[in-house]
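Letter by letter, the chains look like this.
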Amino acid sequence: MERQQELATGLEKVRSQVTTTCEDAGRDPAEVTLVVVTKTYPASDIRALAGLGVRDVGESRDQEASAKVEESSDLDLTWHFIGRLQSNKARAVARYAHTVHSLDRASLVPGLSRGATEAGRTLRCFLQISLDGDPTRGGAPVKDIPALADAIASAESLQLAGLMAVPPVTWDPNRAFSDLLGASAHLIQQHPEATGISGGMTSDFVQALRHGATHLRVGSAVLGQRPPLR
Ligand SMILES: *Cc1c(COP(=O)(O)O)cnc(C)c1O
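By convention here, each chain's residues receive numbers from 1 onward along its written sequence. Where totals are concerned, whole chains, interfaces and linings use all residues; where local detail is concerned, this predicted model gives features only for residues with pLDDT of at least 70, and gives and counts side-chain atom pairs only at 80 or more. Water and hydrogen atoms were dropped before computing side-chain values, which therefore reflect all heavy atoms in the structure.

1. Quick word on the site of the ligand
Our working rule: One heavy atom within 4 Å of a molecule or strand makes the whole residue count as near it. Polar contact is defined as a pair of N or O atoms within 3.5 Å, subject to the rule that within protein one atom must be able to donate a hydrogen and the other to accept it, and that residues adjacent in sequence are counted only when both atoms are side-chain atoms. Using a 1.4 Å probe, accessible areas were evaluated by the Shrake-Rupley method; residue-level cover was limited to the displayed protein chains. Grid points spaced at 1 Å over the protein atoms alone were grouped into cavities, where a 1.4 Å probe fits but cannot get out, and pockets, open sets with protein on both sides within 12 Å along at least five of seven lines, with lining residues defined by an atom within 4 Å of a point. To be counted as sitting in a cavity or pocket, a molecule needs more than half of its atoms within 2 Å of that site's grid points. Residues are grouped as follows: Ala, Val, Leu, Ile, Met, Phe, Trp, Tyr, Cys and Pro are nonpolar; Asp, Glu, Lys and Arg are charged; every other residue, Gly included, is polar.
Every residue near the ligand is listed here: Val37, Lys39, Ile82, Met201, Thr202, Arg217, Val218, Gly219, Ser220 and Arg226. At 2.9 Å, a side-chain N or O of Arg217 approaches a nitrogen atom of the ligand. Within the side chain of Arg226, an N or O atom sits 2.7 Å from an oxygen atom of the ligand. Coverage of the ligand by the protein amounts to 86% of the 390 Å² it exposes when considered alone. Most atoms of the ligand, that is more than half of them, are within 2 Å of grid points of the largest pocket. Of the residues contributing to the shell around the ligand, the split by class is four nonpolar, three polar and three charged.

2. Here's the deal with the UniProt feature "domain: Alanine racemase N-terminal" (unreviewed entry) in the protein
Quick reminder of the rule: UniProt positions are given in the numbering used here, feature names are shortened, and annotations may be inferred rather than shown by experiment. Counting from the N terminus, the helices are the DSSP runs of H or I reaching at least four residues and the strands are the DSSP runs of E reaching at least two.
In the numbering used here, UniProt assigns the "domain: Alanine racemase N-terminal" (unreviewed entry) feature to residues 31-227. Taken as a whole, residues 31-227 contains 38% helix and 21% strand, while its terminal C-alpha atoms sit 32 Å from one another.

3. Here we look at the packing of aromatic side chains
Centre-to-centre distance and the angle between the planes together describe a pair of aromatic rings. As a reminder, the rule being used: For this analysis, a ring pair means two rings from Phe, Tyr or Trp (six-membered ring only for Trp) whose centres lie within 6.5 Å, classed as stacked if their planes differ by under 30 degrees, edge-to-face if by over 60, and tilted for the remaining angles. Charges are assigned to positions over rings by a cutoff of 6 Å between ring centre and Lys NZ or Arg CZ, combined with an angular limit of 35 degrees from the ring normal.
Under the counting rule described, the total for this entry stands at zero aromatic pairs. Sitting over the ring of Trp171, Arg175 keeps its end group 3.5 Å from the ring centre.

4. Re the nonpolar core
What counts here: Throughout this description, the term nonpolar core refers to a set of buried Ala, Val, Leu, Ile, Met, Phe, Trp, Tyr and Cys residues connected via side-chain atoms within 4.5 Å. Burial classification: accessible surface area is computed with a 1.4 Å probe over protein chains only, and a residue below 20% of its type maximum counts as buried, one above 50% as exposed, and the rest as partly exposed. Here, residues are in contact when the closest pair of their heavy atoms is within 4.5 Å.
Among the nonpolar cores identified, the biggest contains 65 residues, and Val100, Leu112, Leu123, Leu127, Ile129, Leu158 and Leu216 are the most heavily contacted of them. Setting aside anything within four residues of it in sequence, one finds Leu127 in contact with Leu103, Ala140, Ile145, Leu148, Ala149, Ile152, Leu160, Gly162, Leu163 and Met164.

5. What to know about the pattern of salt bridges
The cut-off we apply is this: Every case where a carboxyl oxygen of Asp or Glu lies within 4 Å of a side-chain nitrogen of Lys or Arg is listed as a salt bridge.
In this structure the tally under the stated criterion is eleven salt bridges. For Arg27, the salt bridge identified is with Glu31, shortest N-O distance 3.0 Å. The exposure class of Glu31 is partly exposed, given its relative accessible area of 43%. Residues joined by salt bridges that share partners form a network here, namely Arg91, Arg95, Arg114 and Glu118.

6. Examining the UniProt feature "modified residue: N6-(pyridoxal phosphate)lysine" (unreviewed entry) in the protein
Within this structure's numbering, the places UniProt gives as "modified residue: N6-(pyridoxal phosphate)lysine" (unreviewed entry) are Lys39. One can find Lys39 in the loop between β1 (33-37) and α2 (43-51). Not counting residues within four places of it along the chain, the set of residues in contact with Lys39 comprises Gly58, Glu59, Ser60, Glu64, Lys68 and Arg226.

7. Digging into the layout of surface pockets
Selection criterion: Grid points are joined across faces, edges and corners, and a volume is the space filled by probe spheres set on the points.
Here the largest pocket defines a volume of roughly 680 Å³. Forming the boundary of the largest pocket are 29 residues, of which Lys39, Ile82, Val166, Met201 and Arg217 lie nearest the centre. Ranked by residue count, the leading element in the lining of the largest pocket is strand β5 (residues 123-130), at three residues. Of the residues that constitute the lining of the largest pocket, the class distribution is nine nonpolar, eleven polar and nine charged. For the second largest pocket, the calculated volume is near 190 Å³. Along the walls of the second largest pocket sit Arg15, Val18, Thr19, Pro29, Val32, Thr33, Leu34, Val36, Gly53, Val54, Arg55 and Asp56, which together make up its complete lining.

8. Some thoughts on the pairing of β1
Remember that side chains alternate between the two faces of the sheet whenever the strand is regular. Definition in use: Strand pairing follows a simple DSSP-based rule, namely that at least 2 bridges must link the two strands. When the strands point away from the viewer and the connection leading from the first strand across the helix to the second strand turns clockwise, the crossover is called right-handed.
Where burial is concerned, most of β1 is hidden: four out of the five residues are buried. With four bridges joining them, β1 and strand β9 (residues 215-218) adopt parallel strand pairing. Within the sheet, the bridge partner assigned to Val35 lies in β9 and is Arg217. With two bridges connecting them, β1 and strand β2 (residues 56-59) associate as parallel partners. Across the sheet, the residue bridging to Val37 is Gly58, located in β2. You can see the chain leave β1, run along α2 and come back into β2, and the turn it takes is right-handed.

9. Looking at the pairing of strand β3 (residues 78-81)
Sheet topology places β2 next to β3; four bridges connect them, and they run parallel. Paired with Val57 across the bridge in β3 is Trp79. Regarding topology, helix α3 (residues 62-71) serves as the crossover connection from β2 to the parallel β3, and that connection is right-handed. In this fold, the crossover linking β3 to strand β4 (residues 99-103) by way of helix α4 (residues 90-96) has right-handed handedness.

10. A few points about helix α1 (residues 2-25)
Rules: Helix span, as expected, comes to 1.5 Å for every residue beyond the first.
An ideal rise of 1.5 Å per residue puts 34 Å on 24 residues; α1 measures up with 35 Å between its terminal C-alpha atoms. Burial in α1 covers these residues: Leu7, Gly10, Leu11, Val14, Val18, Thr21 and Cys22. Just beyond α1, the residue with positive phi is Gly26, at close to 65 degrees.

Pasting the structure below:
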């Protein structure tokens, strides 16, 4: 019960910040999807969050995610895969995820497409871009966006949702989200349906919202500080 209260408090705080920021920016909060990132936290937290009206949850590791999906199968949730994708896991992830935020190279497309087709569903895919061109942290270089977008949009059972980015650590988030918005405007000329912008975590979702983010991926502000990842 205490945990439920903790989650309710964190969630309420984030939701009200989203509403206030949208009002300030002249945006409709209904066009923003809050993805609550539950990685490292138990399935019981996901159940509690579902009781608080959360529908969208984010996970970043296949093994952990697939176990939680199974434990939560009676809840009507939308699963977002946000972590780095290994090619050999793509097909498995596509069987349970509704949306992938981290598609950053062409070699992932066949596996995702096959898994989604086998599961009889359409998988929404955000193309993750690297704003500073540093490939070690994931994300495709900006110059690769057009070809990669075409590959996703034309693959069976995949739907191009838009762009995703994580701001480079040394950048002002405003610069990062402004660049992301620019890249999105460019993509939309080619793929008018790909209007999604996945940006913004606990530390910077307010800036992301001001720059047009449609999907926020917020973990610790709702669930608490995670122990450092191994
Ligand atoms: C963990 C993670 C988040 C959530 O981070 P918080 O700082 O806890 O909000 C968002 N996006 C990605 C890609 C992540 O790996």
